[in-house]
Each structure stands twice: as C-alpha cells, then as structure tokens.
Amino acid sequence: MNRWYIITTIGAKSGHLTLGIGTASAATICLIPEEFEHQKKSKFQKSSEEKKRKDIQMTVKSLLHDNYKDFMDQQDIPTELITSLLDKEYKDQDGDDNTNKNRDRDRDNDDQENDEEKAEKISFMNGHHSTANAAKKSNRYLNDSGVDFKEYVDILDATMIKRAAEGKFYGVAVVGEGLVDLLKQRELDRYFNGRKDKGHEMLGLTLKDELEKRWSTRKSSINMRTKFVGFELRSADPNAHDMILSRELGFSAVLVCQMKQVNATIVTMKGGELVSIPLSEIVDPDTNEGTTKKVDTSSLSYKVSQTYMIRLHRSDLSNKKNTRKYADMAGMDVNTFIKTYSYIAASN
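Residues numbered from 1 in each chain as written. Predicted model: local features only at pLDDT ≥ 70, side-chain atom pairs only at ≥ 80, totals over all residues. Heavy atoms only, no water.

Enquirer: Tell me about the sheet that holds strand 3 (residues 169-176), residues and numbers included.
Expert: As summarised here, the arrangement of the four strands in space is 2-3-1-4, forming an open sheet in which the pairing is parallel. With one partner strand each, in any of the chains shown, strand 2 (29-31) and strand 4 (224-229) form the two edges of the open sheet. Neighbour-to-neighbour, the strand axes of the sheet open up by a mean angle of 15°, direction not taken into account. Relative to strand 3, strand 2 is paired through three bridges, and the arrangement is parallel. Looking across to strand 3, one finds that I29 is bridged to A173. With respect to the sheet, helix 11 (residues 196-215) is in contact with strand 1 (2-9), strand 3 and strand 4, its orientation differing from that of strand 4 by roughly 170°. (Pairing = 2+ DSSP bridges. Helix = DSSP H or I, 4+ residues; strand = E, 2+ residues; numbered from the N terminus. Axes fitted to C-alpha atoms, helices over the stretch in contact; angles between N-to-C directions. Contact = heavy atoms within 4.5 Å.)

Written out as structure tokens, the structure is:
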C-alpha cells in the first residue's frame, strides 16, 4: 500500500478533539496546537527564558570539547547531532574548520533570505500600493513570533521518511486547524493571504502540496489524500457514554441551582467526578472572556498517546545505521539529514 492521509479536524483553540480522534483511530502521528504554543510568545516572555537557554547552550558546547571526544566515540554519538543542538550564535564562536564551514553556509543562507526579503520589498514598493501601506506591511513583521510553516512540514516529512525506510509507505496524520493560529504573520501572509479562516480550510491541502514537492525529487514516491473533518462531527449519533454523561450533567445542574441558589456556575466533569465551578474562575480578568481548557502535554494520557504514535526521535539520530537509512530515503547525506531534521526530533 502506498498512501498517506492528512486529516484536518476542527478546533482552533484546543487540541482535545484532534488528539482524541488521533488516539482512538491509532493514527500514525497527531499534531495539536498545545505542542507549539510556547513559540507564540511576547518579547517579554522570551527575554525571561534567555538566561536558561544560554546555560543549556554552554553545557552542550562543553560536550564538543576535546575532553569529551573519547566518550562521544565510545557511545557512538555523532558529533553532528550534538552540534545541531547549538544555536547559530554559539556555533559561530567555535573556531574549528567544520564550524567555520557551517558558519559560512549559514551566512550564505541568511544572505539568500535577505535577498529574498529585499526582492519582496522592492516588488511590493513597485506595485500599486502607497508608501504608507508598504511601511504598514513592513511593520507587521516586527517582533513577529510564532511557528514557521516549514516546522509542521518537517515533522510530518520526518515521520514519512522513517516509515518509508521500514518499507511502510502509508499512514494517517491528524492535524488540528488551530496550528494555523500559531503561525508567524509572515507565514500566514505567504501561505493563506493573511487569513486564519482560509488557513483552517486549506491547512491539509497546503501540507500535502509542500510534502509532494519534496517527495517528487526522491527515488520513492508517496500518494497523499486530504480530508477535512468539520461540523459533521457534531451530527454523529450519541453513544452510551454520551447519553449517561448528558443525563448526569443535567441532573447535577438542577441540583446545584436548588442547593446553592445560584446560577453563575458551570457543571463539568473533572477528575472523573462531577463538579461545580463558578463562572468567575473560568473568565480571564484581563480580557473578560472565557478561558479554553488546553491539552496538558505533561499529563500521562498525552505521553501514552505519543508513545503509540510515530515520530523521529533523537535516539534515531544517534543510531548511525538508522540515520543512514533515513538519509538515503530522503536523498541526503547523513550530515545534511541530521542538520535538517534534528531540531524537530522528539525526546524519548
């Protein structure tokens, strides 16, 4: 069989539905917004974590010192894997020849990106828009935080490569439409004309197009199909659990009103028990809007769901035999493969 299905599910604010569908259907991989929310931070939030990041970078850099070279060889850990953990600024501090080559390559890529940005600005300025509108567009990207669309594509691509290297050219990827809301503004403009609603609708198709571009250049090909699972989910017939829960919630709501003589409360299931929560506790005092219950990515249930799904892991990259198979399937050399996909490799 040679076919991957990319399923997009509704749920812009939370990944509960996406994760539930992916887990219950034994999907190959599932992507939810909560996994990437840490990247959509303000400038203040980022600065508060800068010190911690620097400490980690210095620790990783110490592993590249000659004192640890024998240890790395004994453990059969590729140097490229450790190097990939370093941010660019720390790589630039290293004076050896390999790092200089990497630095030059990074600089060339940056120059290319700068040239593309310049070309985009020139093209924009030469259009029919006014200078004021051009300045407004430029300001849209100041302090632009969020996720690059390429990261979503890389995660799915790495899983497809890992499966294909095992002779399995099929799978199911379930992605939540809320991934669009976490994109950088530049990415949203580039892929979806700056519209989140269009992104929700076109997410699966856009992922498919980007993945097909990559696999069209490789020695093996993969057929892909997309499906948007939308509001028809709400028309599904209730099962036994739904019927029992709705009866218990309704009974509890009336009971709370009779006992407490209040109506500014909500009855819900929490920890397997029906509880009453005042509405004041679920309203954000800053926005005066209701808060959304997010998937707890540190919970046992989430860890269990991820254990049964397939991702590229760092342990895969530390295994030279596996890495060579993955690199061959991707049409890359080992070093390029590690550099390209190590940043999205999951921890074991």
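Next comes the rest of the write-up.
Enquirer: How would you explain unusual backbone geometry if you had to name every residue and give the values?
Expert: Phi is positive for A26, close to 55°, though the residue is something other than glycine. Within the secondary structure, A26 sits in the loop between helix 1 (16-24) and strand 2. The exposed category is assigned to A26, whose relative accessible area is 64%. Residue N193 is not a glycine yet carries a positive backbone phi of 55°. Tracing the sequence through the fold places N193 in the loop between helix 10 (185-192) and helix 11. (Buried < 20%, exposed > 50% of the residue type's maximum accessible area, 1.4 Å probe, protein only.)

Enquirer: Please provide a residue-by-residue account of the packing of aromatic side chains, values included.
Expert: Per the counting criterion, the structure on display carries seven aromatic pairs. For the pair F149 and Y191, a centre-to-centre distance of 4.5 Å together with 35° between the ring planes defines the contact as tilted. Of this pair, F149 sits in helix 9 (residues 149-165) while Y191 sits in helix 10, and the two are 42 residues apart along the sequence. By relative accessible area, which is 1% here, F149 ends up buried. Summarising the aromatic geometry, the rings of F337 and Y341 are spaced 4.9 Å apart at their centres and angled 40° between planes, so their arrangement reads as tilted. Pair noted here: F337 and Y341 are both in helix 16 (residues 334-341), with a separation of four residues, about one helical turn. (Phe/Tyr/Trp six-rings, centres within 6.5 Å; stacked < 30°, edge-to-face > 60°.)

Enquirer: If you had to explain the nonpolar core to someone new, which residues and values would you point to?
Expert: Counting 43 residues, the largest nonpolar core has F149, Y152, L207, L312 and F337 as the members making the most contacts within it. For this core, the secondary-structure elements that each account for two or more residues are strand 1, strand 2, helix 9, strand 3, helix 10, helix 11, helix 15 (320-330) and helix 16. Counting residues per element, this core draws most heavily on helix 9, which supplies nine residues. When residues no more than four places from it in sequence are discounted, the contact partners of L312 are A158, T159, K162, L317, Y326, F337, Y341, I344, A345 and A346. (Core = buried A, V, L, I, M, F, W, Y, C linked by side-chain atoms within 4.5 Å.)

Enquirer: Could you give an account of the pairing of strand 5 (residues 265-270), naming the residues involved and the relevant values?
Expert: Two faces, one strand: in a regular strand the side chains alternate between the faces of the sheet. As defined by bridge partners, strand 5 adjoins strand 6 (residues 273-278) across six bridges and the pair is classed as antiparallel. The residue bridging V267 from the neighbouring strand is S276, located in strand 6. Connecting strand 5 to the antiparallel partner strand 6 that follows it, the hairpin turn spans two residues, and G271 within it adopts a positive phi of roughly 60°.

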